[in-house]
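In case you want the letters, here they are:
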Amino acid sequence: VQLQASGGGLVQAGGSLRLSCAGSGRTFRWDNMGWFRQAPGKEREFVAVINWSSSSTYYADSVKGRFAISRDNAKSTVYLQMISLKPEDTAVYYCAADRDNTEVPSTTLHEYDYWGQGTQVTVSS
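Rules behind the numbers
Residues numbered from 1 in each chain as written. Predicted model: local features only at pLDDT ≥ 70, side-chain atom pairs only at ≥ 80, totals over all residues. Heavy atoms only, no water. Helix = DSSP H or I, 4+ residues; strand = E, 2+ residues; numbered from the N terminus. Rg over C-alpha atoms; globule rule 2.2 N^0.38 Å. Buried < 20%, exposed > 50% of the residue type's maximum accessible area, 1.4 Å probe, protein only. Contact = heavy atoms within 4.5 Å. Areas by Shrake-Rupley, 256 points an atom, 1.4 Å probe, with all protein chains shown as cover. Lys, Arg positive; Asp, Glu negative; His and termini not counted. Charge placed at Lys NZ, Arg CZ, Asp CG, Glu CD. Pairing = 2+ DSSP bridges. Axes fitted to C-alpha atoms, helices over the stretch in contact; angles between N-to-C directions.

Participant: Could you give me a rundown of the overall build of the protein chain, with the residues and numbers involved?
Facilitator: Of the regular secondary structure elements, the protein chain holds zero helices and 11 strands. Mapped in sequence order, the helices and strands of the protein chain form the string β-β-β-β-β-β-β-β-β-β-β. A compact globule built from 125 residues should have a C-alpha radius of gyration of about 14 Å, and the protein chain, at 13 Å, falls within 12% of that. Across its three principal directions, the C-alpha atoms of the protein chain cover 40 × 25 × 25 Å. The buried share of the protein chain, reckoned over its 125 residues, is 43%. For the protein chain, the proportion of contacts with a sequence separation of at least 24, taken over those separated by at least 6, is 59%. Carbon and sulfur atoms make up 48% of the accessible area of the protein chain, which amounts to about 6200 Å² in all. Separation of charge centres in the protein chain, based on 12 positive and 12 negative side chains, amounts to 6 Å.

Next comes the structure, spelled out in structure tokens:
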């Protein structure tokens, strides 16, 4: 079972990136999915989550209006479109899967059962 995150990189403030997370080894189409991030010296934090049917999404206040989470169940892939990036968005971004396919996806890290390896996003000022 694997979640493979990709799409990170170095971008200037105001720029955009699109992260992808591809699942393999089991079906993730019924899982709620999330993106979390961890900046140096800080705890891992919730960024955005989406439920299994894409009917519910939630965002951290710090990214509302700038980030958008989506998923393609046919491709077992979840995306995070990020625009208007700020230096404070610099972090390692992780995708995760929650086998509890509730209508309201959890924003709590310990609820998530599978984690990807992370992809580095660096925003320069």
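Participant: Tell me about the sheet that holds strand S8 (residues 77–82), and name the residues and values.
Facilitator: Strand order across the open sheet formed by four strands is S1-S3-S8-S7, with antiparallel pairing between neighbours. Only two strands of the sheet have a single partner each, and these edge strands are strand S1 (2–6) and strand S7 (67–72). Shown here is a sheet whose adjacent strand axes are inclined to one another by a mean of 15 degrees, direction ignored.

Read these as spatial facts, not as claims about activity.
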